[in-house]
Amino acid sequence: RRYGLWFRLRKLVLWLLGMYIAIPFLVKLCPAIQAKLVFLNFVRVPYFIDLKRPQDQGLNHTCNYYLQPEEDVTIGVWHTVPAALWKNARGKDQLWFEEALGSSHPVILYLHGNAGTRGGDHRVELYKVLSSLGYHVVTFDYRGWGDSVGSPSERGMTYDALHVFDWIKARSGDNPVYIWGHSLGTGVATNLVRRLCERETPPDALILESPFTNIREEARSHPFSIYRYFPGFDWFFLDPITTSGIKFANDENVKYISCSLLILHAEDDPVVPFHLGKKLYNIAATSRSFRDYKVQFVPFHTDLGYRHKYIYRSPELPRILREFLGKSEHEHHH
């Protein structure tokens, strides 16, 4: 019997080893697999929520819209109004919400990371915090995420963000508009802001939460990279990402961005290592494009346990935002 068990165990080990060796070749032959792993847009967590009903997530002052950035693309958008408008927002229609963007409150366009939807728990908690601090929060699912229609790509995600930004600007009058990207969303955010700066319509500030330098460096340091010591790791795993047209080059983009920049990063982030956020800050801080603008890096100590997505829990966050955005609002009005 012991022999039978040993035989089965050996078979299992050989099978696992075979799979381990086969996967890199599979990824190399089919770069779309690697793209799927970067986007994780097929992971719909939490599964059973109706994105048409933000109130089910405790967002009672939020309206669900659908916008159409391109002919075959429809994206689902949530707009949460600031605390001062909560009472008035009850039972109001989309038109009321759109007009509310013109009220004298700043707007934050929030760009979420990979996996899940605009209804993800930590995302919803952040909208609540920002709304209570007096901001409109507009967020959406990129094409291919949530109930948004289309196929994911870096170009497409950036275009969707640009479309929503322009949609906000058309309604928000002179109110400041800030862009907040988290994780993979930081890649979309810097792509977007670089384009906005190039066409001379920069946002009032950019906030990057748990950012990386570029997708190759992030993939190399990602905890799930069980292959990072595999011979030819770059050739097998990183080149297919580049082949799929995925760069998310935050380190390159910040050299072309001219608006205030705030970077938030937890030291115990297990997904995007802290040192990548710090490295990005160092690149931005020495970049000529930020000469006349404030660039700030706020680390959160390991003991706080904020990891990759819980910075919204920080009791310091309201003060950090008030001090940072207060200054960029000041720049905005002068």
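In this text the structure is predicted, and so the values were computed from the model without any measurement.

Rules behind the numbers
- Counting of residues starts from 1 at the beginning of each chain's written sequence and follows it residue by residue.
- Local features are withheld for residues below a pLDDT of 70 in this predicted model, meaning they are given only at 70 or higher, and side-chain atom pairs are given and counted only at 80 or more; totals for whole chains, interfaces and linings count all residues.
- Side-chain numbers here rest on the full set of heavy atoms in the structure, without hydrogens or water.
- Segments assigned H or I by DSSP are reported as helices when at least four residues long, segments assigned E as strands when at least two residues long, and all are numbered from the N terminus.
- Two things to know: the radius of gyration comes from C-alpha atoms, and the globule rule equals 2.2 Å times the number of residues to the power 0.38.
- For every residue, the accessible area (1.4 Å probe, protein chains only) is compared with the maximum for its type, and the residue is labelled buried under 20%, exposed over 50%, or partly exposed between those bounds.
- Residue contacts are defined here by distance: any two heavy atoms, one from each residue, within 4.5 Å place the two residues in contact.
- When two rings of Phe, Tyr or Trp (its six-membered ring) have centres within 6.5 Å they constitute a pair, described as stacked for plane angles under 30 degrees, edge-to-face for angles over 60, and tilted for the intermediate range.
- Charge over a ring is defined by NZ of Lys or CZ of Arg lying within 6 Å of the ring centre and within 35 degrees of the ring normal.
- Strand pairing is defined by DSSP finding a minimum of two bridges between the two strands.
- As a rule, the C-alpha atoms of each element are fitted with a line to give its axis, helices using only the stretch in contact, and angles between N-to-C directions run from 0 to 180 degrees.
- We call a set of buried Ala, Val, Leu, Ile, Met, Phe, Trp, Tyr and Cys residues a nonpolar core when their side-chain atoms join them within 4.5 Å.
- UniProt positions are given in the numbering used here, feature names are shortened, and annotations may be inferred rather than shown by experiment.
- The span you would expect from a helix comes to 1.5 Å times its residue count less one.
- The reported bend at a residue is simply the angle between two axes, fitted to the 7 residues ending at it and to the 7 residues beginning with it.
- Each patch is built from residues that are more than 30% exposed by relative accessible area and take part in no salt bridge. Like charges join if they lie within 9 Å; nonpolar side chains (Val, Leu, Ile, Met, Phe, Trp, Tyr) join within 5 Å.
- Calculation of accessible area relied on Shrake-Rupley with a 1.4 Å probe; when residues are assessed, cover is drawn exclusively from the protein chains displayed.
- By definition, a salt bridge exists where a carboxyl oxygen of Asp or Glu is found within 4 Å of a side-chain nitrogen of Lys or Arg.
- The pLDDT score gives, residue by residue, the confidence of the prediction method on a 0 to 100 scale.
- Orientation categories follow fixed angle ranges, with anything under 35 degrees roughly parallel, anything over 145 roughly antiparallel, 65 to 115 roughly perpendicular, and all other angles oblique.
- Side-chain classes are defined by residue name, with Ala, Val, Leu, Ile, Met, Phe, Trp, Tyr, Cys and Pro counting as nonpolar, Asp, Glu, Lys and Arg as charged, and the others, Gly among them, as polar.

*Asks:* Hey, could you run me through the overall build of the protein in this one?
*Replies:* Helix and strand counts for the protein stand at 12 helices and eight strands. Over its C-alpha atoms the protein spans a radius of gyration of 21 Å, differing by no more than 12% from the 20 Å that the globule rule assigns to 334 residues. Its C-alpha atoms give the protein principal-axis dimensions of roughly 75 × 45 × 45 Å. Sorting the 334 residues of the protein into buried and exposed places 52% on the buried side. If you take every contact in the protein between residues at least 6 apart in sequence, the share linking residues at least 24 apart comes to 75%.

*Asks:* Help me understand the packing of aromatic side chains, please; the structure alone is not making it clear to me.
*Replies:* Any two aromatic rings considered together are summarised by their centre-to-centre distance and by the angle between their planes. Summed over all chains, the structure comprises 14 aromatic pairs. Considering the side-chain rings of Tyr310 and Tyr312, the 6.3 Å spacing of their centres and the 65 degrees angle between planes classify their relative orientation as edge-to-face. By relative accessible area, Tyr310 is classed as partly exposed at 24%. Put simply, the rings of Phe39, Phe140, Tyr142 and Trp145 touch in pairs and so form one group of aromatic residues. Over the ring of Trp235 we find Lys28; its NZ or CZ atom is 4.1 Å from the centre of that ring. Positioned above the aromatic ring of Tyr310, the side-chain terminus of Arg313 is 4.1 Å from the ring centre.

*Asks:* Is there a simple way to explain the sheet that holds strand β2 (residues 73-80) in this structure?
*Replies:* Across a sheet, paired strands are connected by hydrogen bonds in the backbone, their directions being either parallel or antiparallel. With mixed pairing, eight strands are arranged side by side in an open sheet as β1-β2-β4-β3-β5-β6-β7-β8. Edge strands, defined here as strands with exactly one partner in the open sheet, are β1 (62-70) and β8 (295-300). The sheet shows a mean angle of 20 degrees between the axes of neighbouring strands, direction not considered. Both strand β5 (residues 177-182) and strand β6 (residues 205-209) contribute to a ladder of five bridges, which runs parallel. Bridging across to β6, Trp180 finds its partner in Ile207. Against the sheet, helix α6 (residues 154-169) contacts β1, β2, β3 (107-111), β4 (136-140) and β5, and its axis sits at roughly 120 degrees relative to β1. Set on the sheet, helix α7 (residues 184-198) makes contact with β3, β5 and β6; between it and β5 the angle comes to about 145 degrees.

*Asks:* Please explain the nonpolar core as it appears in this structure.
*Replies:* Most often, soluble globular proteins keep nonpolar side chains buried together rather than apart. Judged by nonpolar contacts, the single largest core of 66 residues is most densely connected at Phe39, Leu109, Leu111, Phe140, Ile179, Leu206 and Phe248. Contact partners of Leu111, with chain neighbours within four places excluded, come to Phe140, Tyr142, Ala161, Ile179, Trp180, Gly181, His182, Gly185, Val188, Ala189 and Leu192. Core analysis: the second largest hydrophobic core is formed by 30 residues, Leu59, Tyr127, Tyr135 and Ile311 among them.

*Asks:* I tried to follow the UniProt feature "domain: AB hydrolase-1" (unreviewed entry) in the protein on my own but got confused; where do I start?
*Replies:* Per the UniProt annotation, the sites labelled "domain: AB hydrolase-1" (unreviewed entry) are residues 106-211. Summarising residues 106-211: 41% helix, 20% strand, and an end-to-end C-alpha distance of 23 Å.

*Asks:* What exactly am I supposed to notice about helix α1 (residues 2-29) here?
*Replies:* Side chains three or four residues apart in an α-helix point the same way, a direct result of the helix having 3.6 residues per turn. Relative to the 40 Å expected for 28 residues at 1.5 Å per residue, α1 spans 41 Å between its end C-alpha atoms, a close match to the ideal helical length. Along α1, the helix axis deviates most sharply at Ala22, where the bend reaches about 25 degrees; the proline Pro24 sits within four residues downstream.

*Asks:* Help me understand a nonpolar patch on the surface in this model?
*Replies:* A contiguous nonpolar patch, built from Tyr3, Trp6, Phe7, Leu9, Leu12, Val13, Trp15, Leu16, Met19 and Ile23 and spanning about 1,100 Å² of accessible area, is present on the exposed surface. Mapped onto the secondary structure, Leu9 falls in helix α1.

*Asks:* Just to check I follow, could you spell out the confidence of the model for the protein for this structure?
*Replies:* For the protein, mean pLDDT is 92; residues scoring 70 or higher make up 97% of the total. Contacts of residues 330-334 to residues separated by more than four positions or lying in other chains number six contacts, the stretch itself having pLDDT below 50.

*Asks:* Looking at this structure, I do not really get the packing of α1 against helix α2 (residues 31-39). What am I missing?
*Replies:* A packed helix pair is summarised by two numbers, namely the angle formed by the two axes and the spacing between the axes. At a closest axis distance of 4 Å, the pairing of α1 and α2 adopts a crossing angle of 100 degrees. As summarised for this structure, α1 and α2 are arranged roughly perpendicular, according to the angle between their axes. Mapping the contact onto sequence places Leu26, Val27, Lys28 and Leu29 in α1 and Pro31, Ile33 and Gln34 in α2. Split by residue class, the contact of α1 with α2 holds five nonpolar, one polar and one charged.

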